[in-house]
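Listed here are the chains, written in short residue letters.
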Amino acid sequence: MQKYFAGNADVAVIGAGHAGIEAALASARLGAKTLIFTINMDAVGNCPCNPSIGGTAKGHLVREIDALGGEMGKTADKSFLQMRMLNRGKGPAVHSLRAQIDRTKYARIMKHKLELQDNLELRQAEIVSVENDKDAQYPWKLSTQMGAVFSVKKVIIATGTYLGGRIFIGEVSYEGGPDGTFAATELGKSLKELGLPLRRFKTGTPARVLRRSIDFSCLEAQQGDVPPEPFSFETEDLGENKVKCHISWTNEKTKQIILDNIHRSPLYGGAIEGVGPRYCPSLEDKIVRFKDKERHQLFIEPCGLDTEEMYLQGMSSSLPEEVQLKFYHTIKGLENAVIMRPAYAIEYDCVDPLSLSATLEFKDFAGLYGAGQFNGSSGYEEAAAQGLIAGINAALSVLGREPLILDRSTSYIGTLIDDLITKGANEPYRMMTSRSEYRLILRQDNADKRLTPIGYEIGLISRARYEKFLKKQDEIEKEIYRAEHSTLSPSDKLNAILVSRETSPVTTGVSIADLLRRPQISYADLTEVDTNRPNLHRSVFEEAQIEIKYAGYIKKQLDRVEQVERMREKSLPTDIDYKEITGLRLEAQEKLNRIKPINIAQASRISGVSPADISVLIIWLSREK
Ligand SMILES: Cc1cc2nc3c(=O)[nH]c(=O)nc-3n(C[C@H](O)[C@H](O)[C@H](O)COP(=O)(O)OP(=O)(O)OC[C@H]3O[C@@H](n4cnc5c(N)ncnc54)[C@H](O)[C@@H]3O)c2cc1C
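Let us look at the structure shown here. Residue numbering note: each chain is counted from 1, following its sequence as written. Residues qualify for local features only when their pLDDT is at least 70, as the model is predicted, and side-chain atom pairs are given and counted only at 80 or more; totals for whole chains, interfaces and linings, by contrast, use all residues. Calculated side-chain values reflect all of the structure's heavy atoms, with hydrogen atoms and water omitted.

1. Description of the site of the ligand
Then comes step 1: Within the structure, the ligand sits among 35 residues, and His 18, Ala 19, Ile 127, Gln 373 and Gly 379 are positioned closest to it.
Then comes step 2: Counted as a polar contact is a pair of N or O atoms within 3.5 Å, where, for protein atoms, one must be capable of donating a hydrogen and the other of accepting one, and residues adjacent in sequence contribute only when both atoms are in side chains. Interatomic distance of 3.3 Å between a backbone N/O atom of Ala 158 and an oxygen atom of the ligand.
Then comes step 3: Accessible areas in this description were obtained via Shrake-Rupley with a 1.4 Å probe; residue shielding takes into account the shown protein chains only. Burial of the ligand by the protein chains amounts to 97% of its free accessible area of 970 Å².
Then comes step 4: Among the secondary structure elements, those contributing two or more residues to the shell around the ligand are helix 1 (18–29), strand 2 (34–38), strand 12 (198–205), strand 19 (344–351) and helix 10 (380–398).
Then comes step 5: With 3 residues, strand 12 is the largest single contributor of residues to the shell around the ligand.
Then comes step 6: Nonpolar residues are Ala, Val, Leu, Ile, Met, Phe, Trp, Tyr, Cys and Pro. Charged residues are Asp, Glu, Lys and Arg, and all others, Gly as well, are polar. Of the residues that constitute the shell around the ligand, the class distribution is 19 nonpolar, 14 polar and 2 charged. Nearness is judged by heavy atoms alone; a residue qualifies as near a molecule or strand once a single heavy atom is within 4 Å of it. Strands are runs of DSSP state E lasting at least two residues, helices are runs of H or I lasting at least four, and both sets are numbered from the N terminus onward.

Below, the structure written as structure tokens:
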């Protein structure tokens with residue numbers, strides 16, 4: 001094949017999925033001349049699995065992406081069909097927003113944003129090789145299937161589930177990407193030759209069935225919240241929910257069909273070698289792992305307004321099509337279901353994230369970054385979060401500016417990246433609130449407080465948006481002050497409210513804050529008696545209430561942050577051989593030499609490095625100094 005020079009750029013992004021889109025937009029908006037490649041122009045921003053954005057902990061990531069200046073939140077608001085705040089019955093740390101979205105509308109909006117963005121070019125071309133020439137002005141050379149050669153300064157690999165993609169449906173398997181697209185068959189070899197540590201992961205998705213073939217009359221409906229709450233801090237009014245979802249359950253017959261055919265599952269039959277996501281298990285996995293469980297819940301979700309495809313959340317499988325038909329037909333409401341797209345599993349190449357640094361640049365390859373599913377994570381939200389950080393850092397590096405490293409105490413994005421690069425991923429990594437030791441201060445409602453100043457400082461948040469943010473923070477502070485210093489006198493009306501909320505009446509004046517500190521009482525309960533309440537956006541009261549109610553816990557977590565901050569100041573040289581430090585256990589020496597942590601705090605999070613090893617390191621450091 002004849003190669004030809006096709007142009008230069010500052011940053012090239014391989015992949016226009018959830019990671020690539022955020023990376024390319026951030027890079028172009030920060031002033032780096034950016035190229036973004038996709039194998040299929042009509043699959044830009046595709047949602048190949050659940051037609052939804054957000055969910056437990058994933059909702060936090062979307063709010064954080066928005067607070068930093070990313071796009072996912074705004075696009076989810078523009079394509080939403082139904083919004084629900086999950087875990088509302090629990091503490092605010094686990095409240096998480098989830099949007100049912102129109103997946104084709106979501107993709108269309110994202111593609112158009114890429115096309116409209118200055119400094120950015122979107123191209124349909126399969127990248128088949130990446131070569132490095134360290135001393136060149138444009139050290140990275142990308143070649144396409146058609147022979148075009150692009151010379152660039154920085155490369156971000158965001159190839160998702162396409163790299164070496166292989167589809168499995170029962171005994172049938174073939175090379176392919178999601179939703180009938182081509183797989184990226186060449187690039188994997190080139191990256192291995194470069195020296196990247198690639199391995200095989202897998203994930204699966206359920207069937208899509210025809211809406212009119214479902215009997216909804218016998219199913220429980222699930223409505224959205226009224227009013228629906230937006231993801232983006234910039235979205236004023238979302239309007240109304242447009243769809244319902246429905247709930248059904250598997251049963252003994254479903255279980256029996258699957259157990260009778262488990263030998264035909266490529267996963268249990270051994271055809272699939274890739275490791276799958278523990279927290280998004282296939283139905284086969286659930287039935288094998290939880291044998292005693294009589295039934296498993298599924299959600300029937302619309303994929304869009306102008307399609308009759310319905311998504312069966314919780315029912316992913318890679319069993320043969322005829323077996324899928326049999327077990328889906330045992331499920332209430334699906335007795336006559338028509339499968340429009342069968343469930344399948346996909347196996348793909350991804351990299352070992354221990355080879356990445358906190359900027360998502362490869363430790364051994366300057367100017368090469370990884371993002372998304374390629375880094376060993378799973379999920380649109382996890383991908384978009386990494387894409388944003390990789391795009392920001394590639395551009396900041398081109399512009400000669402300081403990189404952006406988000407610490408675990410600032411965000412779930414920081415927690416996600418730190419977990420990947422410090423603990424690695426033996427299976428596709430899905431974000432969960434339990435992964436953060438700071439979850440009470442990393443809530444989805446205060447993502448702007450934690451990250452918008454950073455977004456403004458690096459240049460992704462506009463002056464106007466920043467001023468609006470400052471005004472809101474000021475309103476929250478003033479409201480907390482007002483609640484602490486405004487006293488409500490004891491009255492029949494107030495005491496009637498307190499008694500109705502099963503808390504004791506008052507006989508003397510009480511501050512609004514003291515009432516809010518009672519678990520039963522919220523701002524909504526005091527509306528009638530709190531007559532001087534200013535007219536502010538509901539998000540101001542939501543945040544003031546949380547800050548007042550949880551002040552003690554929040555202070556404890558902030559103290560912990562300070563404590564770890566002191567540990568972080570103890571930075572570690574990255575050129576030492578830990579084998580030479582006596583007193584360190586063998587496992588710790590090996591892990592520390594492999595990961596080369598930048599400070600004591602990161603060292604303390606490496607699995608296999610004990611608190612005793614950390615003490616040895618701190619003593620060694622003090623002697624070195
Ligand atoms: C079958 C299936 C099941 C899934 N199940 C789950 C699940 O259970 N839970 C969950 O959270 N998430 C699941 N996912 C979602 C998954 O997280 C997504 O794949 C998510 O889209 C990852 O985003 P990404 O940006 O990393 O990659 P993708 O969205 O996959 O985008 C990759 C992009 O890279 C491009 N590309 C790849 N190679 C090249 C090349 N050589 N040259 C040019 N362009 C290239 C592609 O064209 C595409 O634009 C599933 C996905 C699939 C396909």
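2. Some points on the packing of helix 6 (residues 252–260) against helix 9 (residues 321–328)
Then comes step 1: At a minimum axis separation of 8 Å, helix 6 and helix 9 run at an interaxial angle of 160°. On the basis of the axis angle, helix 6 is roughly antiparallel to helix 9. In the packing of helix 6 onto helix 9, the handedness of the crossing is right-handed. For the pair helix 6 and helix 9, contact is made by Thr 254, Ile 257 and Ile 258 and by Val 323, Lys 326 and Phe 327, respectively. What counts as an axis is a line fitted to C-alpha atoms, over the stretch in contact for a helix, and the angles between N-to-C directions run from 0 to 180 degrees. Roughly parallel covers angles under 35 degrees, roughly antiparallel covers those over 145, roughly perpendicular covers 65 to 115, and oblique covers all other angles. If you view the pair so one helix is near and one far, a crossing is left-handed when the near helix is turned anticlockwise from the far one by less than a right angle, and right-handed when it is turned clockwise. Here a residue-residue contact requires only that any non-hydrogen atoms of the pair lie within 4.5 Å.

3. Some points on the packing of helix 10 against helix 11 (residues 412–423)
Then comes step 1: Between helix 10 and helix 11, the least distance of the axes is 10 Å, while the angle of their chain directions is 90°. Between helix 10 and helix 11, the angle is such that the two are roughly perpendicular. Contacts between helix 10 and helix 11 involve Glu 382, Ala 385, Gln 386 and Ile 389 on the former and, on the latter, Ile 413, Leu 416, Ile 417 and Leu 420.
Then comes step 2: Tallied by class, the residues present in the contact of helix 10 with helix 11 amount to 6 nonpolar, 1 polar and 1 charged.

4. Here we look at the side chain of Ser 409
Then comes step 1: Tracing the backbone through its elements, the reader meets Ser 409 in the loop between helix 10 and helix 11.
Then comes step 2: Only protein chains enter the calculation, and the probe is 1.4 Å; a residue is then buried if its accessible area is under 20% of its type maximum, exposed if over 50%, and partly exposed in between. The class of Ser 409 is buried, set by a relative accessible area of 16%.
Then comes step 3: If sequence neighbours within four positions are ignored, Ser 409 has contacts with Tyr 438, Ile 441, Leu 442 and Val 561.

5. Some remarks on the layout of surface pockets
Then comes step 1: Both site types are read off a 1 Å grid over the protein atoms alone. A 1.4 Å probe that fits but cannot get out defines a cavity, while an open set with protein on both sides within 12 Å along at least five of seven lines defines a pocket; lining residues have an atom within 4 Å of a point. Grid points are joined across faces, edges and corners, and a volume is the space filled by probe spheres set on the points. Volume-wise, the second largest pocket comes out at about 690 Å³.
Then comes step 2: Forming the walls of the second largest pocket are 25 residues, and the residues nearest its centre are Arg 88, Ser 522, Ala 524, Glu 542 and Gln 545.
Then comes step 3: Mapped by element, the contributors of at least two residues to the lining of the second largest pocket are helix 16 (523–526) and helix 17 (538–549).
Then comes step 4: Classifying every residue of the lining of the second largest pocket by side-chain character gives 11 nonpolar, 5 polar and 9 charged.

6. Looking at the environment of Trp 140
Then comes step 1: Along the polypeptide, Trp 140 turns up in strand 8 (residues 140–144).
Then comes step 2: Since its relative accessible area comes to 0%, Trp 140 is described here as buried.
Then comes step 3: For the pair Trp 140 and Gly 367, spaced 227 residues apart in the sequence, the C-alpha separation amounts to 8.1 Å.
Then comes step 4: Here the side chain of Trp 140 touches Ala 366 through a polar contact of 3.2 Å, landing on its backbone oxygen.

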